Amino acid sequence: MAKYICKRILYMVVVFFIVSFFMYVLFNLIPSDPARLELESIKTTLRPDVYNQMYQDLRESMGLNDPILVRYGRWLGFLPEKSGSFNGYLQANFGYSNFFKKPCVEVISAPISTTVFMNIFATILALGITIPLGIWCAVHKGSHRDNFVQVFSIVGYSVPIYIIALVFIYIFAVILRIFPVSGIGTPGANYTGLKKFFDELYYLGLPLIVMTFASLGGMSRYVRSAMIEALSMDHIKTARAKGVKERVVIYSHAWRNALLPVVTLIIGWFLGIFSGSLLVESTFGINGMGRLYIQSLGNHDFELSLFVQMFYTVVSLVGALIMDLVYGFVDPRIRVNK
Amino acid sequence: MEEKKRKPSFLARLFGNRNTQTDILMEEHIQSPGRMMLSNFLHNKLGMFGLIVFLLIFAFVFIGPYLFQIDLGESDNTQIHVPPINDMLTLPEGLDGNVQDIAAGATFGVGCDKDGHIYIWGYTKITDTIDLRNIPEEVLEAHIVSVAAGYDHVVALDENGQIYVWGNKRLGQDRIPQDLRVSRTKGGKNIIQIEAGYQCSGALTDEGEVYFWGNTNMCDLDVKKEYRGRVVKFAIATYHYCLLLDDGSVVYGGLEKTNAFNRIPEALSSDVVDIAATGDTMAGVKSDGTIIVWGNVARHEGEIPEREGTASAEDDEVVMTAKPLEIYGGRYHYTALMENGDVVSWGDNAHHQTTIPDSVHGAQIETVFAGFYQNYAIDVNGEVHTWGLKGHPLGTDDLGRDILTRIINGGQTTMTVGFVAVVISIIIGVIMGGIAGYFGGKVDMLVMRISEIFGAIPFLPFAMLLSAIIGTRIDVSMRMYLIMVVLGVLTWPATCRLIRAQILAEREKEFVTAAQAMGVREGAIIFRHILPNVLNVLLVEATLEFATCMLTESTLSYLGFGIPLPAPTWGNMLSGANNSIVIQQYWWRWVFPSLIFGVCTICINLIGDAIRDAVDPKSIGR
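Cut-offs applied
- Position labels on residues start from 1 in each chain and follow its written sequence.
- Lettering for chains starts from A, numbering for ligands starts from 1, and both go in the order in which the items are written.
- At least 70 in pLDDT is required for a residue's local features to be given in this predicted model, at least 80 for side-chain atom pairs to be given and counted, and no such filter applies to totals for whole chains, interfaces and linings, which use all residues.
- Note on conventions: DSSP H or I runs of at least 4 residues are helices, E runs of at least 2 residues are strands, and numbering of each starts at the N terminus.
- Only the C-alpha atoms count toward the radius of gyration. The rule for a globule is 2.2 Å times the residue count to the power 0.38.
- Throughout, a residue-residue contact means that the two C-beta atoms, derived from backbone geometry, are no farther apart than 7 Å.
- Here exposure depends only on C-beta density: within 10 Å of a residue's C-beta, 20 or more other C-beta atoms make it buried, 12 or fewer make it exposed, and intermediate numbers make it partly exposed, the C-beta atoms being placed from the backbone.
- In this analysis, strands are considered paired if DSSP registers two or more bridges between them.
- Lines are fitted to the C-alpha atoms to define the axes, a helix being fitted only along its stretch in contact, and any angle between axes, read from their N-to-C directions, falls within 0 to 180 degrees.
- Where a domain begins and ends is set by an automatic assignment or by a domain database.
- The nonpolar class holds Ala, Val, Leu, Ile, Met, Phe, Trp, Tyr, Cys and Pro. Asp, Glu, Lys and Arg form the charged class, and all remaining residues, Gly among them, are polar.
- Per-residue confidence from the predictor is reported as pLDDT, which spans 0 to 100.
- By definition, turning the near helix anticlockwise from the far helix through less than a right angle yields a left-handed crossing, and turning it clockwise yields a right-handed one.
- One less than the number of residues in a helix, times 1.5 Å, gives the span that helix is expected to have.
- In this scheme, the bend at a residue equals the angle between the axes fitted to the seven residues that finish there and the seven that begin there.
- Among buried residues, those of type Ala, Val, Leu, Ile, Met, Phe, Trp, Tyr and Cys that are joined through C-beta atoms within 7 Å form a set called a nonpolar core.

With that settled, consider the overall build of chain B. For chain B, the count of helices and strands is 15 helices and 21 strands. For 622 residues, the compact-globule formula gives about 25 Å, and the C-alpha radius of gyration of chain B, at 34 Å, lies well above that figure. Taking the principal axes of its C-alpha atoms as reference, chain B extends roughly 115 × 60 × 50 Å. Sequence separation of 24 or more characterises 57% of the internal contacts of chain B that already satisfy a separation of 6 or more.

Shown next, in the form of structure tokens:
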């Protein structure tokens, strides 16, 4: 097992380097010249040949003439800058946001907590509903109520989340006026402590409902099919033949077997809702990572975009790693094979 | 191979006679897997429902663009946020056979009957608070003889020469000149003509004096002294007007020195019998029947139909059957009434305002009322014939564009992008998966690592990034291809893994061993024995992937990183809809695109599920 874990981690590190290099190259395609930018303010006071000389010197000292691999190394903090010091992601220098005029880390601190909170909350809500629902449907397979849920779940996973959001805003915010249309926190109100938390929760209510609803379809279908698979196994027949109570058969004998594929799915799906929350945040105007990312791309604030992109990459890589490990943990064949 | 030849054709299998009596064993025996799948699929009610609805939508968006052509540069400030209505040309009952005057507005019509009652129809809400349907009490009581309609105001004239204005008054639309405020009974002027421009109005007295009032911004509404007292008729365009004088000449009455309307053609200095104006052009009819158009002629207003019988008229569809007597102007079109009681229209036909119904050609038309995109023709029996803009079946958006047209054309884009992306993804996936599954070993290892790298890239953010970085540097159509390629290239790993697993599984099966034992060539084994087994799964995957790609494209467009405006897609039609005002008041802007898109993806998923059930009967109910 230890060998398997090491192997996976090592592999993930390699993938991280490849993907991050790819991102770095991509961002370098953007035509921008920090050296020219630096000299722009004093350009008019200099003679052209002096300016040119200064410009070339500056390019050299900033390391802009070096091959891209070297610059990538510096950006990550593996290779020293021209001045000899290390200053990259490894040294916690995540770039500077030109739009907010702040280091990226400071910009990101508030949105990240909102996004993570939203995603975890939505996951808990969704799991709390889908698992019982999936089991119930599997047990009552073929009944009218099951068919009804199945049709609804097709709607749930076919319709894009932003359409669900529009419909829910219309129903809950415009017609029923239960929730606010958008935003996070009552404007102008300076709540503190518990009151602030509940105010935020009130504003996050509708986005959370939308995110939960959007994930109901796919999840409940998956739980249902895993459960049907488990219920058709021979040991279930044996248990029933022995006269074990139906409740015990379902929740102890069958569910434990169905749990394995579901657990692995949950992690993969948890990553999926990060991109789902991107849409929800932009629709509801919530100040989260997704909205920040869209803003930064729109504002051409590319250092911030790169940082957020790296955040998404790391989240997805770590998620994939955990998924692999769980797979290996629950299914011994995998760790033996590899 | 021999087995295949004996099979009936695909059509015969679909529609052929299957009533031959067979016992269960025979039935079991002759049913090939393909036929079984087909019958499984045909018997799946949900799947068939999905297929039929999808095909309908497909036909709708791929045939529709020929009927509803889109003009990408289109924007019309007179048609902003019009709800789904279809009764802009439907006259109220009271006007039937009793029309005194009709004036056509942008989205509404206003008219009065011979008894002096006023009627208004169509979409009359100008803003939240201003509704033209709220006709002032005094107007309802007065005996109205003439009406005129501007963009957001209505002018009415009663038998006593009193002028009434209602609607939007904020820009001076009701600032009627002092001279005209006195009714005739108290010694006021005798008004013979009223007209309305965009936000301005004009009136002509029987003494040949014209008066203009209203929003003077950008307007040239002053009257030169030398023309005062000589005017017989005036025509008002959006911001300018021209005058027909008592000596039969046409003049530009305003004070502006150089504009498009100033340069009146030489021919119009005498013998002119009628004048009219569209939004940006003016036209005059001479007594010999020649029509001359001048101004900013940009929307085919100058393409006057030829007289019947002339050499150049032979190939034209629309011809003038007689000498034109009177001319009327809409916003971008003209309608002329001819000697023989026939009418002809020309100009911009985006709202069918020049498509004259056949019933009109048969009738003896007495007079025509034209304005904006509407035409009303009254024949000798008092019957009203209408043509032009009836309304927008699904409403319009914030730039006055018809939602139905955009849904149809946007659907075509969305489906094309989704389809091409799926094809790219499937091609890469099949090749990579095939290589990995077939060769195995180190190649397999390498391909799977590559696919995992692609899988590790967070999809949506990355696609947005690519679109933001590369997309800004290329033109719109290239950007569409970019989206297709990005979608295809980023989604292949799933297909690759599926194909690889399938090929690995099939390779180990007995029938492959049997084929190998019989000495079948390697290539034949792959293509004839393994691939058909993979195809079923591939079909399911491709169908579900198609829905996913459409979703992703629309998601990107919704966020503003996909197909850029003004080209419509189902996603970017919704991108302006996520604020409470649109959601609440302009519901048609998001309900219809959402509805058709939701139905479409649901149907595709239903089809995919049905194919899966048909291909693998074991999965039914899972």
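Now that the structure has been shown, we can carry on.
The next subject is the overall build of chain A. Across its full length, chain A carries 13 helices and 2 strands. Evaluated residue by residue, chain A yields a buried proportion of 34% over its 338 residues. Excluding contacts between residues fewer than 6 apart, the proportion of contacts in chain A whose partners are at least 24 apart in sequence is 67%.

Turning our eyes to something else, we now look at the pairing of strand β13 (residues 272-277) of chain B. Residues and elements named next belong to chain B. β13 sits mainly inside the fold: 5 of its 6 residues count as buried. Where β13 lies against strand β14 (residues 281-286), 5 bridges are found, and the strand directions are antiparallel. Its bridge partner lying in β14, I275 is registered against G284. Hairpin connection of β13 to β14: 3 residues between the antiparallel strands.

Moving on, we get to the sheet that holds strand β3 (residues 118-122) of chain B. Residue and element names in this part refer to chain B. Taken in spatial order, the 3 strands line up as β1-β2-β3 in an open sheet, and their pairing is antiparallel. Both edges of this open sheet fall to β1 (99-104) and β3, since each of them pairs with a single strand only. Neighbouring strand axes in the sheet, compared pairwise and without regard to direction, differ in orientation by 20 degrees on average. Relative to strand β2 (residues 108-113), β1 runs antiparallel, the two sharing 5 bridges. Paired with D101 across the strands is C112, a residue of β2.

So, about the domain arrangement of chain A. Residues and elements named next belong to chain A. When its domains are assigned, chain A resolves into domain 1 (18-93) and domain 2 (109-330). Averaged C-alpha coordinates put domain 1 and domain 2 at centres separated by 42 Å. If you look at the interface, domain 1 gives 5 residues, while domain 2 gives 5 residues. Taken together, the residues of the side of domain 1 that touches domain 2 break down into 4 nonpolar, 1 polar and no charged.

With that settled, the discussion passes to the confidence of the model for chain A. Per-residue confidence for chain A averages 80 on the pLDDT scale, and 90% of its residues sit at or above 70. Ranking the elements of chain A by mean pLDDT puts helix α13 (residues 332-337) of chain A last with 58 and helix α9 (residues 234-242) of chain A first with 88.

Residues and elements named next belong to chain B. Look at helix α8 (residues 403-439) against helix α11 (residues 476-507): their axes get within 5 Å of each other, and the N-to-C directions meet at 35 degrees. You can see that α8 and α11 cross each other, and the crossing is right-handed. A per-class count over the contact of α8 with α11 returns 22 nonpolar, 8 polar and 2 charged.

Listed per partner, the contact involves 37 residues of chain A and 34 residues of chain B. Within the residue set of the side of chain A that touches chain B, elements represented by two or more residues are α1 (2-28), α6 (144-158), α7 (161-175), α8 (193-231), α10 (246-284), α11 (289-298) and α12 (302-330) of chain A. Ranked by residues supplied to the side of chain A that touches chain B, first place goes to α12(A) with 7 residues. The residue inventory of the side of chain A that touches chain B, partitioned by class, reads 26 nonpolar, 10 polar and 1 charged.

All names here are of chain B. Look at α8 against helix α9 (residues 441-456): their axes get within 7 Å of each other, and the N-to-C directions meet at 145 degrees. Relative to α9, the crossing made by α8 is left-handed. Contact residues: α8 offers M432, I435, A436 and F439, while α9 offers G441, V443, D444, V447, M448 and S451. The residue makeup of the contact of α8 with α9, split by class, is 7 nonpolar, 2 polar and 1 charged.

This part takes up α11(B). For α11(B), spanning 32 residues, the distance from its first C-alpha to its last is 46 Å, which sits close to the expected 46 Å at 1.5 Å a residue. Along its length, α11(B) shows its largest kink, about 40 degrees, at W492(B), and proline P493(B) lies within four residues downstream of that point.

Further remarks concern the sheet that holds strand β21 (residues 384-388) of chain B. All names here are of chain B. Reading across the sheet, the 3 strands line up as β19-β20-β21 and stay open at both edges, with antiparallel pairing between neighbours. Both edges of this open sheet fall to β19 (365-371) and β21, since each of them pairs with a single strand only. Averaged over all pairs of adjacent strands, the angle between their axes in this sheet comes to 15 degrees, without regard to strand direction. Judged from the 5 bridges that link them, strand β20 (residues 374-379) and β21 form a sheet pairing that is antiparallel. Following the sheet pairing, I378 is matched in β21 by V384.

Moving on: the nonpolar core. Residues I164(A), A165(A), V210(A), M227(A), F307(A) and M464(B) are the most contacted members of the largest nonpolar core, which totals 138 residues. Among residues more than four places away in sequence, those in contact with I164(A) are V159(A), V210(A), F213(A) and A214(A).

As a further point, take the environment of A320(A). All names here are of chain A. Checked against the element boundaries, A320 lands in helix α12. Owing to 20 C-beta atoms within 10 Å, A320 belongs among the buried residues under this scheme. Separated by 210 residues in the primary sequence, A320 and A110 place their C-alpha atoms 26 Å from one another.

This part is about the pairing of β2(B). All names here are of chain B. For β2, the buried fraction is high: 5 of the 6 residues fall into the buried class. Hairpin connection of β1 to β2: 3 residues between the antiparallel strands. Pairing of β2 with β3 involves 5 bridges; the strand directions are antiparallel. Bridging across to β3, V110 finds its partner in I120. Once β2 ends, the chain turns through 4 residues before running back antiparallel as β3, passing G116 with a positive phi of about 90 degrees.

On to unusual backbone geometry. Excluding glycine, a negative phi dihedral is what most residues carry, and trans is how most peptide bonds are arranged. Residues and elements named next belong to chain B. We note that H300 has phi near 65 degrees; this positive angle belongs to a residue other than glycine. When you line up the elements, H300 lands in the loop between β15 (291-295) and β16 (324-329). For H300, a count of 14 C-beta atoms within 10 Å gives the class partly exposed. Of note, F372 is a non-glycine position whose phi angle comes to about 40 degrees, a positive value. With respect to the element layout, F372 can be found in the loop between β19 and β20.

Before going further, it helps to examine the confidence of the model for chain B. Residues and elements named next belong to chain B. The share of residues in chain B with pLDDT of 70 or more is 93%, and the mean pLDDT across the chain is 83. Of the regions scoring below 50 in pLDDT, residues 1-5 engages in 0 contacts with residues more than four places distant in sequence or in other chains. Interface predicted TM-score (ipTM) for the complex: 0.82; the corresponding pTM is 0.83.

Right, let's get into the environment of E60(A). Residue and element names in this part refer to chain A. Structurally, the position occupied by E60 is in helix α3 (residues 48-62). E60 gets classed as partly exposed once you count the C-beta atoms within 10 Å, which come to 13. For the pair E60 and A35, spaced 25 residues apart in the sequence, the C-alpha separation amounts to 9.3 Å.

Residues and elements named next belong to chain A. Inspection of the secondary structure puts P207 in helix α8. Sequence-wise, P207 and F168 are 39 residues apart; in three dimensions their C-alpha atoms are separated by 9.1 Å. Setting aside residues no more than four positions away along its own chain, P207 makes contact with M118, V280, F284 and I286.

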